[in-house]
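# Summary of structural features
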Amino acid sequence: MSTRPFIHDDFLLGTSAARRLYHEFAKPEPILDYHCHLAPRDIAEDRQFANLFEIWLAGDHYKWRAMRANGVPERFCTGDAAPQEKFKAWAAAVPHTLRNPLYHWTHLELARYFGIDELLDESSADRIWEQANEKLATPEFSVHGILKKFRVTTLCTTDDPADDLRHHVAIAKSGLETKVLPAFRPDAALTVNRPEVFKAWLGRLAEVSGTGIESLPALLEALRRRRDFFHEAGCRISDHGLARCYADPCSDAEAAAIFSAAFSGKPASSREHAKFASYLMLFLGRLYAERGWTMQLHLGALRNNNTRLFGKVGPDTGFDSIDDSPQTVALGAFLDRLDAENALPRTIVYNLNPADNYAFAAMVGNFQDGSIAGKMQLGSGWWFLDQKEAMEWQMNALSNNGLLSRFTGMTTDSRSFMSYPRHEYFRRVLCSLLGRDIESGEIPDDDALLAPLVRGICHENARQYFNLP
Amino acid sequence: MSTRPFIHDDFLLGTSAARRLYHEFAKPEPILDYHCHLAPRDIAEDRQFANLFEIWLAGDHYKWRAMRANGVPERFCTGDAAPQEKFKAWAAAVPHTLRNPLYHWTHLELARYFGIDELLDESSADRIWEQANEKLATPEFSVHGILKKFRVTTLCTTDDPADDLRHHVAIAKSGLETKVLPAFRPDAALTVNRPEVFKAWLGRLAEVSGTGIESLPALLEALRRRRDFFHEAGCRISDHGLARCYADPCSDAEAAAIFSAAFSGKPASSREHAKFASYLMLFLGRLYAERGWTMQLHLGALRNNNTRLFGKVGPDTGFDSIDDSPQTVALGAFLDRLDAENALPRTIVYNLNPADNYAFAAMVGNFQDGSIAGKMQLGSGWWFLDQKEAMEWQMNALSNNGLLSRFTGMTTDSRSFMSYPRHEYFRRVLCSLLGRDIESGEIPDDDALLAPLVRGICHENARQYFNLP
Amino acid sequence: MSTRPFIHDDFLLGTSAARRLYHEFAKPEPILDYHCHLAPRDIAEDRQFANLFEIWLAGDHYKWRAMRANGVPERFCTGDAAPQEKFKAWAAAVPHTLRNPLYHWTHLELARYFGIDELLDESSADRIWEQANEKLATPEFSVHGILKKFRVTTLCTTDDPADDLRHHVAIAKSGLETKVLPAFRPDAALTVNRPEVFKAWLGRLAEVSGTGIESLPALLEALRRRRDFFHEAGCRISDHGLARCYADPCSDAEAAAIFSAAFSGKPASSREHAKFASYLMLFLGRLYAERGWTMQLHLGALRNNNTRLFGKVGPDTGFDSIDDSPQTVALGAFLDRLDAENALPRTIVYNLNPADNYAFAAMVGNFQDGSIAGKMQLGSGWWFLDQKEAMEWQMNALSNNGLLSRFTGMTTDSRSFMSYPRHEYFRRVLCSLLGRDIESGEIPDDDALLAPLVRGICHENARQYFNLP
């Protein structure tokens, strides 16, 4: 057994070229976290975490999935076990996650936050719990301290149009060096198939809009106003989580009728829902294009597949999955409709099934029109694909079917303030990939080419692309 | 040209770490062959094979496909050529199979059974024929001798519920050290779309059940009794070969009506067949859960694609293929229905299209509920995927989307007593994969972690998982 | 930075085994270009290209896609900028294509045609423009000079049945050493969904056939005569570009009715189009089988996805994409229908979605019947897949699910006389793959096995397979 710690300076960097690229060009770049699910309130309040459970395990469905697969009862995942008990259950599971990204993330996070080099398992759990908690109690480990430590220049949260953005206002006044901006995620606007959800959301939207919303035109007007409100708060990015794109023809009259039926409590049929969603997505696309925003489409998740456990523990707890239905025809039709009106915004399309990498890369490439370098982006490996082999596949698909050099790079998509080392992880994977190409002679060993490539993907491309204020 | 034989001690083991893992931890493990298509009668009778054709070529559709692709007439595949002629035709084809798994299997099998290191081709064919046949004539090469030689602790055949298991009874009495258990494969119970097949099978089932089966309730009762009969004979595993999962709603009355129509000779429509199959698969899932059995689902084969040659040479002769239709929604719906009733048994899902690895891995992960470690398994590379790159993909998909450490490992799915070296092959692939990870620093070089991982996947996980008697 | 040029003798050849195989067995083989889109007129007229733009950029939608993705306005792609301006825009984009196949192709082509080792970028653009143009002005760089330089023994263009083949006739008389043969591409015969296109084409076909075509039987008879006319001109290969296979039942009467409706200006519905196409593809398959031709099926392209830019710049300009719809059931049904009549010709099936490699490889394997070695071919990496990783995937899929040794190898599918180095590229990828297998011990290091394998795939298999005159 080696005496070098598992996470060392050259972790994942198997060639000397990779090591040079990483240490010289990748590592110095700051972080632009353009898509995450961090809680604005935690940032506004500069939250201090009570212990390693709070910052690391609470809300982490990746860990829960692994624990369940390892035979750990729900009590220690989402249940009522004490924080330290849950931590110990996780620690005991860690050795069983060998080759899962959790094994890398776990030790990278312990090393980068707390300087802990020891491998986590049952025997080291208590020691690590105490060491970490001790540090978490210090000011350097408040949310603001963490953002500073990881050199996060900008951070975009994910926000409902009905959100009043009060926390963002507070953060803006706080003097925090990291710019914290909202992002616009109007998924609730499509829920005509679930009238109770839809109406409750319309109520909240009406409240922040200061106007009643009882018709489709009123909804559209409210969304436009919220777009403007978000824009003033610095928002330049939207986000959508969709099983797949909607591209069904839908007239104004049809959309209005579907709205009214849902408003009166009648759920839209599957076909009506697709029509309404198509209509609204086109409307929203136009809104984004008008202001130079970027539209993010996260496609291909099958959610809440386990009815029994959904009933017990609710959504976003680790029962989601990857769809394998055809995606590209509808994706193309949706983008084409907007493009035909000159209303296609900058767009990042994320696929969840790695089998779709090529088809997605090729399809988004059809809408590169020379107006903006890298206007259409194949999004980085996401969720089940946020790990080494899938990151490599995404970068290879993009390289072979588009321009890697214009890639806006990593997004954490994270709910945890412990996830910033995933940028480091991504950068190591990137440099490892390039290093192998250099050593095999597949790309020239020329820093005039490589430095801008690496720096661009790590930070600079995103900085230029998003038009952030 | 190297003087070391092609199959040598370190075949496929490209790193020193791989060699250590294989020789220290993988190789010593015995074989638990939990899914195969070996003939119980051959075991009961302790068959001695007349020649290399009988044990190696008869019934091997992998070889026939390769021979046909090489321009070898059907006479030498399934036709009436003499055994030695067929063997020579195969030998002449072998050099043309370079990079096909058959090239590795062929030489590994010759080496491990007969100590033959020579490469098989036209020029070595006669020599190898004689050497092998000489050994096959000795007692060490009877079926029992082979099971002993390859240290097969347990072997599960694949049996129709209408089978009387007489051979299993005989084997149990024979004193054979290898435990030979039946597995329950009720595919015929779904054939309401082919009334003649369905009725003939019902007749056989009625006979072994000692009762008439002229209604759906009678069929269900007979299946339950056969489940119990198989259970007493040591069966703990079922198996299903399905193009894809069935998950259509079907009431008792609908199912009964479809049964009756088929019983009276009217084929179920495609929609009725799907309904009936959905109904019956739920019923069977409950039967398995009640007794702690494991349910295997082999999904995604398109069978009998060549009508002309199917007419000439029948099923299972090398005209089957890989489906590329969406699979996961139906798979999820089926598992969810059982899970919602707390009637989801331990389940192994095998996919045949490698493009589905991730979607399948993620979907089965939704039903890990902490009750049993590794309750839901992504099955090992099967059929077209039973080869090096596809095994690696399966293990990588499982590693990244679940727990490799809980994997129950290799299944031969074989019809031949010459296939046991495929376990060795799988173990070499596994250790090669881990060895590369160790040398690149992606997993710690620590035997406390690695020894249980390797031993578990080679044998111990399956031993614990299947609850065998 | 290395002093060795980027494109050097051992480019892509990472092992000594690869270098040996390439230099000894692959490099000496001539080129049999059995499928391309080169203009017969350019060959007949022995065209001399005015400059690097004409031979290299005009018509190259790969480059346009990359330029658009890099933010280059359409004026410099398909627009009215001057040739040298367009070249400079391309040169400036080249460094941004790092890891895209264009980066390799670009420098390989500059090296092999003009002996230019310098990397192309903004700063080298003028110099390279002049050096290349100077050479292009010499007789060695006429079309005939190029075909000689690259040792092209045979070249099959892609021709409409309505073509009079006058250029082929002229070439045959010219004494050009390269045999230039037509290939039969009757895609227009399926366009009953676009009556204006269909009728115009029928008019042209009638003209070359010297007979009116106002009914389905007349069309079939004309196609048969054109088949014979092409056959006399040396054609032995057909080609079809289809989104996917058609396999809908369609009677003579139905087909005739669909023909008549289209002939009278009424577009076929989607269902009618599929029926008619199914009918005609079976008819054509029979025509090919009668004469021992090879049928090529290029499946899975989604074309003209960008309505706005299609309106501006027309088809084949870089707005095509990869379908992800299921393909294999229809493919199998189509092949089976022909096979059942003993009318399945030699067939090469190309897939455009790499996720389909295995499903396609397995499906074509069902129609290997021992009559011809390698009768059914999985076509080489095509279009988006004509690059290193996708070539490797195709060869691995073929190796694992068929016989690599019977592979007819590379097709450029190119529209440019600058594409011949892609054969070299393919051969380097092939030898690199085999070299790794040799060094890892996965295939024997034995030239008696390897030399015929390499030579076969580079040239000899195609020479034997196509029955060319």
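Anyway, here's the lowdown on the structure attached to this text. Small disclaimer: the values here were computed from a predicted structure and weren't measured. (Residues numbered from 1 in each chain as written. Chains lettered and ligands numbered in written order. Predicted model: local features only at pLDDT ≥ 70, side-chain atom pairs only at ≥ 80, totals over all residues. Heavy atoms only, no water.)

### Digging into the overall build of chain A
How we decide: Strands are runs of DSSP state E lasting at least two residues, helices are runs of H or I lasting at least four, and both sets are numbered from the N terminus onward. The buried label goes to any residue with under 20% of its type's maximum accessible area, the exposed label to any with over 50%, and the partly exposed label to all in between, with areas taken from a 1.4 Å probe on protein chains only. Contacts between residues were defined by any pair of non-hydrogen atoms, one from each residue, lying within 4.5 Å. Where accessible areas are quoted, they stem from the Shrake-Rupley method and a 1.4 Å probe; at the residue level, only the protein chains shown are allowed to cover. Charge assignment: positive for Lys and Arg, negative for Asp and Glu; neither His nor the chain ends contribute. Where a charge sits is defined by one atom per residue type, namely NZ (Lys), CZ (Arg), CG (Asp) or CD (Glu).
Per the secondary structure count, chain A includes 19 helices and nine strands. Dimensions along the principal axes, computed over C-alpha positions, put chain A at roughly 70 × 55 × 45 Å. Buried residues in chain A amount to 65% of all 469 residues. Pairs at least 24 residues apart make up 78% of the contacts formed inside chain A by residues separated by at least 6 positions. Put simply, chain A shows about 15,900 Å² of open surface, and 49% of that area lies on carbon and sulfur atoms. Separation of charge centres in chain A, based on 52 positive and 61 negative side chains, amounts to 2 Å.

### Some details on the packing of aromatic side chains
Convention followed: Centres within 6.5 Å make a pair out of two Phe, Tyr or Trp rings, where for Trp the six-membered ring is used; the pair is then stacked when the planes are under 30 degrees apart, edge-to-face when over 60, and tilted otherwise.
In the structure shown here, the tally under the stated rule is 75 aromatic pairs over all chains. The interplanar angle of 70° and the centroid separation of 5.6 Å between the aromatic rings of Phe184(A) and Trp293(A) together place this pair among those described as edge-to-face. Taken as a pair, Phe184(A) in the loop between strand E3 (179-181) and helix H10 (195-209) and Trp293(A) in the loop between helix H13 (270-290) and strand E5 (294-299) lie far apart in primary sequence, 109 residues in all. Across the pair, Trp293(A) and Phe184(A) agree in class, each one buried. Consider the rings of Phe198(B) and Phe259(B), whose centres lie 5.6 Å apart with planes at 75°: the pair is edge-to-face. Separated by 61 residues along the polypeptide, Phe198(B) in helix H10 (residues 195-209) and Phe259(B) in helix H12 (residues 252-263) bring together distant segments of the chain. Given a relative accessible area of 0%, Phe259(B) falls into the buried group. Members of the aromatic cluster, joined through ring pairs, are Tyr113(A), Phe114(A), Phe141(A), Phe150(A) and Tyr420(A).

### Concerning helix H11 (residues 216-232) of chain C
Because an α-helix packs 3.6 residues into every turn, residues spaced three or four apart end up facing the same way. All names here are of chain C. In plain terms, the rule: Take the number of residues in a helix, subtract one, and multiply by 1.5 Å to get its expected span.
When the terminal C-alpha atoms of H11 are compared, their 24 Å separation across 17 residues agrees well with the 24 Å that a helix rising 1.5 Å per residue should span. Of the positions making up H11, those classed as buried are Leu216, Leu219, Leu220, Ala222, Leu223, Arg226, Arg227, Phe230 and His231. Looking one or two residues past H11, Gly234 carries a phi angle of roughly 100°, positive in sign.

### Re the relation of the copies chain B and chain A
What counts is decided by this rule: We superpose the copies by least squares over the C-alpha atoms of residues that have a pLDDT of at least 70 in both of them.
Each copy of the sequence occupies a distinct position, and chain B is placed on chain A by a rotation of 120° and an axial shift of 0.0 Å, giving an RMSD of 0.0 Å. The transformation just described matches what one would write down for a three-fold rotation axis. Residue Ala355(B), judged by its C-alpha, is the member of chain B lying nearest the rotation axis, at 3.2 Å. The two copies present different faces, since only 6% of the interface residues in chain B are matched by interface residues at the equivalent positions in chain A.

### Describing the pattern of salt bridges
Our working rule: One side-chain nitrogen of Lys or Arg within 4 Å of one carboxyl oxygen of Asp or Glu is enough to make a salt bridge.
Using the criterion set out here, one finds 99 salt bridges over all chains in the structure. A salt bridge links Lys63(C) to Asp60(C); the shortest N-O distance between them is 2.6 Å. We note that Lys63(C), like Asp60(C), is buried. Arg68(C) is the partner of Glu74(C) in a salt bridge, and the nearest nitrogen-oxygen pair spans 2.7 Å. Here the residues in one salt-bridge network are Arg224(A), Arg227(A), Asp228(A), Glu290(A) and Arg291(A), joined through shared partners.

### Brief notes about the interface of chain B and chain A
Buried accessible area, meaning the area lost when the parts come together, often serves as the stated size of an interface. This is how the line gets drawn: What gets called buried area is simply the loss in accessible area from a 1.4 Å probe that two parts show on being joined, summed for both. Polar here means any residue outside two lists: the nonpolar Ala, Val, Leu, Ile, Met, Phe, Trp, Tyr, Cys and Pro, and the charged Asp, Glu, Lys and Arg; Gly therefore counts as polar.
Each side of the interface is counted separately: chain B has 48 residues, and chain A has 47 residues. Interface area, chain B with chain A, both sides summed: about 3,800 Å², of which 51% is carbon and sulfur. At the junction of chain B and chain A, the tally comes to four salt bridges. Between Asp369(B) and Arg308(A) there is a salt bridge, and its shortest N-O distance comes to 2.9 Å. Among the residues forming the side of chain B that touches chain A, the class breakdown is 23 nonpolar, 16 polar and nine charged.

### Some words on the nonpolar core
Just so we agree on the cut-off: Throughout, nonpolar core names a set of buried Ala, Val, Leu, Ile, Met, Phe, Trp, Tyr and Cys residues whose side chains join them through atoms within 4.5 Å.
In terms of nonpolar packing, the biggest core is built from 507 residues, with Leu52(A), Leu219(A), Leu52(B), Leu219(B), Leu52(C) and Leu219(C) touching the most fellow members. Apart from residues no more than four positions distant in its own chain, Leu219(C) is found in contact with Phe198(C), Trp201(C), Leu202(C), Leu205(C), Ile213(C), Phe259(C) and Phe276(C).

### Quick look at the interface of chain C and chain A
If you look at the interface, chain C gives 47 residues, while chain A gives 48 residues. Between chain C and chain A lies a buried interface of about 3,800 Å² when both sides are counted; carbon and sulfur atoms form 51% of it. For the chain C face of the interface with chain A, the top three residues by lost area are Leu98(C), Arg99(C) and Arg308(C), together amounting to 22%. At the surface where chain C touches chain A, the tally comes to four salt bridges. At the level of secondary structure, the elements contributing two or more residues to the side of chain C that touches chain A comprise helix H4 (61-69), helix H6 (101-114), helix H14 (307-313), strand E7 (321-322) and helix H17 (388-401) of chain C.

### Side note on the relation of the copies chain C and chain A
With an axial shift of 0.0 Å and an RMSD of 0.0 Å, the rotation relating chain C to chain A amounts to 120°. In this assembly the copies use different faces: only 6% of the residues contributing to the interface of chain C also contribute to that of chain A.

### Structural notes on the packing of helix H16 (residues 357-365) of chain B against helix H17 (residues 388-401) of chain B
Residue and element names in this part refer to chain B. Stated formally: With axes taken as lines fitted to C-alpha atoms, and helix axes fitted only over the stretch in contact, angles between N-to-C directions fall between 0 and 180 degrees. Orientation labels follow simple angle bins: below 35 degrees gives roughly parallel, above 145 gives roughly antiparallel, 65 to 115 gives roughly perpendicular, and whatever is left gives oblique. The handedness criterion is simple: a crossing whose near helix is rotated anticlockwise from the far helix by less than a right angle is left-handed, and one whose near helix is rotated clockwise is right-handed.
Interhelical geometry of H16 versus H17 gives an angle of 40° and a closest axis separation of 9 Å. The orientation of H16 relative to H17 falls into the category oblique. In this structure, H16 crosses over H17, and the sense of that crossing is right-handed. Taking contact as the criterion, the partners of Asn357, Tyr358 and Ala361 in H16 are, on H17, Trp393, Gln394, Ala397, Asn400 and Asn401.

These figures capture arrangement, not role.
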